[in-house]
Amino acid sequence: MAGNSMICTSNNVDYSTIRKAMCAGAPTVDELKEMAGVCSTCEGCKRELDKILTSVCGCLNVSLKDVIDAVKSGVDTVEKVGEITGAGTDCGRCKALVKNIIELGR
Ligand code: FES
Ligand code: FES
């Protein structure tokens, strides 16, 4: 998804703002409300937000579950998560988020 795609049209919050909030540690819609400013009032956006929250790497189509499973199996660096899941091995934008997930999983 393009970084400037508007997700929350009521509050003008784009995709990259949401991703940045996720990298900063927002794992749920409620936290995205606080940290990114989404209103989350319309059903369409809620579905969109859920989709964004469950995806870690848009380039390689890697889900949050894939990364959490890797971390739970003992993978403890961004590079190793990349080797196993592919996350972070293309544009690299999701590496901060992967790092965050590793830290939370410790
Ligand atoms: S317009 Fe804000 S979440 Fe739908
Ligand atoms: S979003 Fe993960 S490598 Fe581009």
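Residues numbered from 1 in each chain as written. Chains lettered and ligands numbered in written order. Predicted model: local features only at pLDDT ≥ 70, side-chain atom pairs only at ≥ 80, totals over all residues.

A.B. asks: Would you mind showing me how to read the overall build of the protein here?
C.D. replies: When helices and strands are counted, the protein shows six helices and four strands. Each helix and strand of the protein, placed in order from N terminus to C terminus, yields the pattern β-β-α-α-α-β-β-α-α-α. For 106 residues, the compact-globule estimate of 2.2 N^0.38 gives 13 Å, and the C-alpha radius of gyration of the protein, at 14 Å, lies within 12% of that figure. Projecting the C-alpha coordinates of the protein onto the three principal axes gives extents of approximately 40 × 25 × 20 Å. In the protein, buried positions account for 30% of the 106 residues. When contacts within the protein are restricted to residue pairs at least 6 apart in sequence, long-range pairs at least 24 apart make up 41% of them. (Helix = DSSP H or I, 4+ residues; strand = E, 2+ residues; numbered from the N terminus. Rg over C-alpha atoms; globule rule 2.2 N^0.38 Å. Buried ≥ 20, exposed ≤ 12 C-beta atoms within 10 Å, placed from the backbone. Contact = placed C-beta atoms within 7 Å.)

A.B. asks: Whenever I open this one, the packing of helix α4 (residues 64–72) against helix α5 (residues 78–85) confuses me. Can you help?
C.D. replies: When two helices pack together, their arrangement is given by the angle between the helix axes and the distance between those axes. One way to put it is that α4 packs onto α5 with a least axis distance of 10 Å and a crossing angle of 120 degrees. The crossing of α4 and α5 is right-handed. Side by side, α4 and α5 meet where Asp 66, Val 67 and Ala 70 of the first sit next to Val 81, Ile 84 and Thr 85 of the second. Its residues placed into classes, the contact of α4 with α5 shows four nonpolar, one polar and one charged. (Axes fitted to C-alpha atoms, helices over the stretch in contact; angles between N-to-C directions. Left-handed = near helix turned anticlockwise from the far one by under 90°. Nonpolar A, V, L, I, M, F, W, Y, C, P; charged D, E, K, R; others polar.)

A.B. asks: Where do I start with the packing of helix α1 (residues 15–23) against helix α2 (residues 29–36) in this structure?
C.D. replies: Between α1 and α2, the least distance of the axes is 10 Å, while the angle of their chain directions is 110 degrees. Judged by the inter-axis angle, α1 sits roughly perpendicular to α2. Taking contact as the criterion, the partners of Thr 17, Ile 18 and Ala 21 in α1 are, on α2, Leu 32, Met 35 and Ala 36. (Parallel < 35°, antiparallel > 145°, perpendicular 65-115°, else oblique.)

A.B. asks: Can you help me understand the environment of Met 22 in this one?
C.D. replies: The topology assignment puts Met 22 in helix α1. Met 22 sits 28 residues away from Asp 50 along the chain, and the two C-alpha atoms are 12 Å apart.

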